[in-house]
Each structure stands twice: as structure tokens, then as C-alpha cells.
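# Overview (structure and organization)
Okay, here's what each chain looks like letter by letter:
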Amino acid sequence: MKRTTLDLWVGLFVTAGVVALFILALKVGNASNVSVSDGYKISAEFDNIGGLKVRAPVKSAGVVVGRVEGIVLNTQTFRAKVTLRIDKHYPFPRDSSASILTAGLLGEQYVGMDGGGDEVNLKDGDQLKITQSAIVLEKVIGQFLYGKAAESNAGGSAK
Amino acid sequence: MIDALAYGIRLVGHRSINAVWRLGAATRFIGLVIGRSAMAFRRPQLTLDEIHFAGVLSLIIIIVSGLFVGLVLGLQGYETLKRYGSAEAVGTLVALSLVRELGPVVAALLFASRAGSAMTAEIGIMKSTEQLSAMEMMAVDPFARVISPMFWGGFFSMPLLAAIFSVMGIFGGYLITVVIIGVDSGAFWSQMQASVDLRHDILNGVIKSVVFGAAVTAIALFEGYDAPPTAEGVSRAVTRTVVTSALAVLALDFVLTAFMFTGV
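Note that the structure is predicted; figures quoted are calculated from it, not measured.

### Remarks on the overall build of chain A
Looking only at helices and strands, chain A has 2 helices and 8 strands in total. Mapped from its N terminus to its C terminus, chain A presents α and β elements in the order α-β-β-β-β-β-β-β-β-α. Here chain A holds 159 residues, and 33% of them are scored as buried. Contacts spanning at least 24 positions in sequence make up 63% of the contacts within chain A whose residues lie at least 6 apart. Roughly 10100 Å² of accessible area belongs to chain A as shown, and the carbon and sulfur atoms make up 59% of that amount.

### Re the overall build of chain B
Across its full length, chain B holds 10 helices and 0 strands. Listing the helices and strands of chain B from first to last along the sequence gives α-α-α-α-α-α-α-α-α-α. Residue burial in chain B is summarised as follows: out of 264 residues, 47% are buried. A fraction of 84% describes how many contacts in chain B between residues 6 or more apart in sequence connect residues 24 or more apart. For chain B, the exposed area adds up to about 12700 Å²; of that, 70% sits on carbon and sulfur atoms. Positive and negative side-chain charges in chain B, numbering 17 and 17 respectively, have mean positions lying 5 Å apart.

### Quick look at the nonpolar core
Counting residues in each nonpolar core, the largest one holds 71 residues, and the members touching the most others are Phe13 and Leu24 of chain A together with Ile147, Ile170, Met192 and Leu221 of chain B. Ranked by residues supplied to this core, first place goes to helix α7 (residues 142–181) of chain B with 17 residues. Not counting the four nearest positions on each side in its chain, Leu221 of chain B is found in contact with Phe29, Met119, Ile123, Ile147, Met150 and Phe151 of chain B. Among the nonpolar cores identified, the runner-up in size contains 22 residues, and Ile49, Val68, Ile100 and Ala134 of chain A belong to it.

### Some points on the interface of chain B and chain A
Many analyses report the size of an interface as the accessible area lost when the parts associate. The partner chain A presents 25 residues to the 28 residues of chain B that form the contact. Surface buried jointly by chain B and chain A totals about 2200 Å² across both partners, of which 77% is contributed by carbon and sulfur atoms. Our count for the chain B to chain A interface comes out at 0 salt bridges. Those elements that provide at least two residues to the side of chain B that touches chain A are α3 (44–54), α5 (90–128), α7, α8 (185–195) and α9 (198–226) of chain B. Tallying contributions element by element places α7 of chain B first for the side of chain B that touches chain A, with 8 residues.

### A few points about empty space enclosed by the protein
One pass over the full model with this rule turns up 1 cavity of 30 Å³ or more. Estimated volume of the largest cavity: approximately 80 Å³. As for the largest cavity, its lining consists of Leu21 and Leu24 of chain A together with Val99, Pro104, Pro159, Ala162, Ala163, Ser166, Ile202, Gly205, Val206 and Ser209 of chain B. Of all the elements in the fold, those that place two or more residues in the lining of the largest cavity are α1 (5–28) of chain A together with α5, α7 and α9 of chain B. Among the residues making up the lining of the largest cavity, the classes are represented as 9 nonpolar, 3 polar and no charged.

### Some words on the confidence of the model for chain B
Detailed reading of predicted coordinates is not advised where the pLDDT is low. Put simply, chain B has an average pLDDT of 91, and 99% of its residues get 70 or more. If you check the scores for this complex, the pTM reads 0.75 and the ipTM reads 0.73.

### Here's the deal with the packing of aromatic side chains
All names here are of chain B. Scanning the model with the defined rule gives 14 aromatic pairs over all chains in all. Measuring from ring centre to ring centre gives 5.2 Å for Phe143 and Tyr225, while their planes differ by 55°; the resulting arrangement is tilted. Note that Phe143 is positioned in helix α7 and Tyr225 in helix α9, a separation of 82 residues in sequence. Classification of Tyr225 as partly exposed rests on a relative accessible area of 25%. Their ring planes at 65° and their centres at 5.8 Å tell us that Tyr174 and Phe188 sit as a pair that is edge-to-face. Separated by 14 residues along the polypeptide, Tyr174 in helix α7 and Phe188 in helix α8 bring together distant segments of the chain. Exposure remark for Tyr174: the relative accessible area of 21% places this residue in the partly exposed category.

Procedures and definitions
Residues numbered from 1 in each chain as written. Chains lettered and ligands numbered in written order. Predicted model: local features only at pLDDT ≥ 70, side-chain atom pairs only at ≥ 80, totals over all residues. Heavy atoms only, no water. Helix = DSSP H or I, 4+ residues; strand = E, 2+ residues; numbered from the N terminus. Buried < 20%, exposed > 50% of the residue type's maximum accessible area, 1.4 Å probe, protein only. Contact = heavy atoms within 4.5 Å. Areas by Shrake-Rupley, 256 points an atom, 1.4 Å probe, with all protein chains shown as cover. Lys, Arg positive; Asp, Glu negative; His and termini not counted. Charge placed at Lys NZ, Arg CZ, Asp CG, Glu CD. Core = buried A, V, L, I, M, F, W, Y, C linked by side-chain atoms within 4.5 Å. Buried area = accessible area lost by both parts, 1.4 Å probe. Salt bridge = Lys/Arg side-chain N within 4 Å of Asp/Glu carboxyl O. 1 Å grid on protein atoms, 1.4 Å probe; cavity = no way out; pocket = protein on both sides within 12 Å on 5 of 7 lines; lining within 4 Å. Points joined across faces, edges and corners; volume = space filled by probe spheres on them. Nonpolar A, V, L, I, M, F, W, Y, C, P; charged D, E, K, R; others polar. pLDDT = per-residue confidence, 0-100. Phe/Tyr/Trp six-rings, centres within 6.5 Å; stacked < 30°, edge-to-face > 60°.

Written out as C-alpha cells, the structure is:
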């Protein structure tokens, strides 16, 4: 087959396009994202998960160690049961605790894990005993207002 | 009074039946084009010619507009984000808006006006000068020989053009915010990389550009093939190509976005 200059241009175009796709994949996106598909799975029950979503990160000391895999309501206890998949490179002691935190003032919510002191590590399917729910801003404000009201009432009656 | 009313109803009915008719013809046309695409792959030179025409010759407009869209996004994003003290997030803003939406959509709109209109004109004129009939007389199938290579040329070019557009846009954003304004380069890239997901953002963007490429090329070819064989008919067909593909791209974009980026 005779080679033409047109082939050269088409070749250059296709190369540019493929290079652009690679730049998007490697430089712009996070292809080297922590893949936690082969980690171990644990669960934790929270009174209130606030705005936690599936695929939210699980962080310990700020390092991403896993992802939230599922959120269901346990109808026996009426608490939210959150399934976490943790990278197998990060073993956690059995008495670790989980809390729902917010990144920044208005950021997305994530699960924070604090390592405990137990010598036995968590296994696949274990459940965390110690959990701390998300802070619901309305409740905090409600408590604050209630406290204020009680305070001013007490002050008023003393006079 | 009654006459005018009846005329109006008749007109609406005629228009809607006509539209459905054309839609059916277009579907059958696309089926024919794809069904007879064996020659486009057996003689890759035919498809290469069309990639050269639809892709290579559209590069300049794609690169230049990508660069300018990125420059504007960087500038506007910086001005707004600066107020909240998070100017470094401009990388995230530029990359996400380009990869998810602007890259595929604007590239498809440019592609429709640059390559789609030319495809319509070419097919329309071939039809009106009876070149297509002449081919049939010589037992050359115009679908296999002309139309199908055009379709595949557009189909393969569009995702590459959209990717080039996005990369040029991100480069433009980098240029204006990091090089000229002086946002920290490391923060620009790391914030971008932390928030752009390979599968969720980039792959979905590529899927969008593939769908848009197929839609725009199919519309352009059908309008050309369906054009009345007169000078006026061809010129109207070209106009319709640009209008219809722009509407189709925006409508498809809404549907695809609703599928891809809602929920979890």
C-alpha cells in the first residue's frame, strides 16, 4: 500500500488524541487511586450518619485507608449500619473507634477511624463497638438556644 | 373562522406526522449505514480520508477554542474562588467542568458546525448532481463507498477531538492561573488530581463524546441524504444539520448527565 502524507496527518491526529486521553487519565485524574477492592470489610452502627454517602473516604490520621461501601438502616436497633471496606495494608486493632467527621466547615462528610490498643486486629466482617455520630447542626443550635433560654429564665427569677 | 381552525389543526397534524416519518427514515438510514460498513473497514483508506477531513482539519478550531475556553474558565474561576480564599481550587473547577461537560459538548458543537455541515453539503451535492445515482448505475453501493466511511470517520474523530479540547482547556487554565496570576502550581495540580476520578469523570466524559460524535455524524449524513436535490434544498439541509445537531447534543447531554452524575 502506498503511503501518503494524508496517512501521516491522520497518524499525528490519532496520536495527539490518544496522548490527550492519557494526559487526562494520568495527569488530571487519579488513576493511582487507592483501590480497596481487595481490602477487608467491617461495619459500624451510628445513631445518625448526617450526610454520609456511599464511596465517602475512611480516614485515619488524615490518611485515606478505605471507602464507605454501604449504608442501611438496622430495623432492630433503628441505627444506621455503615459498611466500610479498609485497605488490607492497614490493619486496625479490634477496639478501634469510628466517628463521622466533616472536612472543613462545609465540606463533605467522611468516616474517621481512631486506632485502639488491643493486640488482636479487626477481621473481615467484624463490627466496631465504639462509634460517634455525625454532629447535626440543627440539634447543636437547638441545645444552645435551649441552654440560653434556661439561663436567662434563671437570671430573671433571681432578681 | 372554522376554516382557519381546521387549517391550523391540519398543519399541526401534518407537521407531526412528517416529523415521525423523518425520524423513522433516519433510523432506517442509520441502520443501513452501519449495516454496510464492511467496506469502510476492509478498505481503511476510505475511512482514513474521512478521519483526515473530519478530525485533522478540525484540529485548529478545536485547539484554539479549547485554549480560550480554558483561559476564560481559569480567569472567572479565580476571580470567584479568590473571595472564599480557595484560589487553589481553580484547578479542580477547570478540570471538572472541562472533562465532564464543556469538553464533549463544545467540541461536539464545533464539530457539528465545522465537519457536520460539510458532510451534509457533500452528500447533498452528490445527490443533487446525481453522483450517487451514477454510482448505483456502476453497481457501486454509495452507502458502503461514501456514506459509511464518513460515519466511521466522524465516529472515531469526535472522542479524540473532545480529549484534545479538554487537555488544551486545562493547559489554558494552567497558563492563566499559575503562569500569569501566580497560583501555586503544586496546589493547582494536586487539588485537581484529588477530585477528578478516572472512571466517574473521565470515562463518563469519553462516553459522552462518543455518543455526541455518533449523533452529530448521523444527523449530518441523514440531512445530506434527505436534502431536496436543489441548491436551496442543500443549503437548508446544512442549516438544519447545525441546528438539529446542536439541539441533539444539548438534549443528549442532559440525559447522559442525569444518568451519570446523579445519586451516589
